[in-house]
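# Descriptive analysis of the structure
Residues per chain, in single letters:
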Amino acid sequence: QKRQGENMIPNEFPSLRYTTLQFGKYEDNFVGEDLELQFETVDSKQGNAEKEVPKGKRRINRRDAARAVAEALTRPELQGQKVEVWTDQMN
């Protein structure tokens, strides 16, 4: 049920261009700001990403999440994709 909204745009409005962003856990206190954004395409068949960084260890600052949204709007290679986004990982 949590990911039900991800299918709404492509199914209900197929003429729209979109990118679905799945963010790492928000951490404003322990994750620095202005870190390099990590984008990873999610394999739609398996529902998980290819890299070996476990989802539970991925973190992002809220301001970097806003920056990721703006960047996703300008990167044509992300259109029509589900993408996981994070800036830091917990050890």
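To keep things clear, this report deals only with the structure shown in the data block.

What counts, and at which threshold
Per chain, residue numbering runs from 1 following the sequence as it is written. Residues qualify for local features only when their pLDDT is at least 70, as the model is predicted, and side-chain atom pairs are given and counted only at 80 or more; totals for whole chains, interfaces and linings, by contrast, use all residues. To obtain the side-chain values, all non-hydrogen atoms of the structure were used and water was disregarded. Within 6.5 Å between ring centres, the rings of Phe, Tyr and Trp (the latter by its six-membered ring) count as paired, and their orientation is classed by plane angle as stacked under 30 degrees, edge-to-face over 60, tilted in between. Either the NZ atom of lysine or the CZ atom of arginine qualifies as a charge over a ring when it sits within 6 Å of the ring centre and within 35 degrees of the ring normal. Whether a set of points on the 1 Å grid over the protein atoms alone is a cavity depends on a 1.4 Å probe fitting there but being unable to get out, while an open set qualifies as a pocket with protein on both sides within 12 Å along at least five of seven lines; lining residues are those with an atom within 4 Å of a point. Grid points are joined across faces, edges and corners, and a volume is the space filled by probe spheres set on the points. Strands are runs of DSSP state E lasting at least 2 residues, helices are runs of H or I lasting at least 4, and numbering of each runs from the N terminus. Throughout this entry, Asp, Glu, Lys and Arg are counted as charged residues, while Ala, Val, Leu, Ile, Met, Phe, Trp, Tyr, Cys and Pro are counted as nonpolar. The remaining residues, Gly among them, count as polar. Put simply, a salt bridge is a Lys or Arg side-chain nitrogen that is within 4 Å of an Asp or Glu carboxyl oxygen. Burial classes follow relative accessibility: with a 1.4 Å probe on protein chains only, a residue under 20% of its type's maximum area counts as buried, one over 50% as exposed, and anything between as partly exposed.

### Some words on the packing of aromatic side chains
A full pass over the atoms with the stated rule returns 1 aromatic pair. Over the aromatic face of W86 sits the side chain of R58, whose NZ or CZ is 3.7 Å from the ring centroid. Note that R75 overlies the ring of F39, its terminal NZ or CZ placed 4.6 Å from the centroid.

### Notes on the layout of surface pockets
Considered as a void within the structure, the largest pocket measures approximately 160 Å³ in volume. If you trace the largest pocket, you find it lined by R17, Y18, T19, L21, V69, A72, L73 and Q79. Top element by residues in the lining of the largest pocket is helix α2 (residues 62-74). It accounts for 3 residues. Looking at the lining of the largest pocket residue by residue, the class counts come to 5 nonpolar, 2 polar and 1 charged.

### Section: the pattern of salt bridges
For the coordinates displayed, the defined rule picks out 9 salt bridges. Among the ionic pairs, E27 bridges to R59, the shortest N-O distance being 3.6 Å. Taken together, the positions of E27 in the loop between β2 (25-26) and β3 (38-43) and R59 in strand β5 (residues 58-60) put the pair 32 residues apart, joining distant regions of the chain. For the residue pair E27 and R59, the accessibility class agrees, reading buried in each case. Linking R63 and E33 is a salt bridge whose minimum nitrogen-to-oxygen distance equals 3.3 Å. Pair noted here: R63 is in helix α2 and E33 is in the loop between β2 and β3, with a separation of 30 residues, a long-range link. By relative accessible area, which is 57% here, R63 ends up exposed. Judged by relative accessible area, E33 falls into the partly exposed class, the value being 42%.

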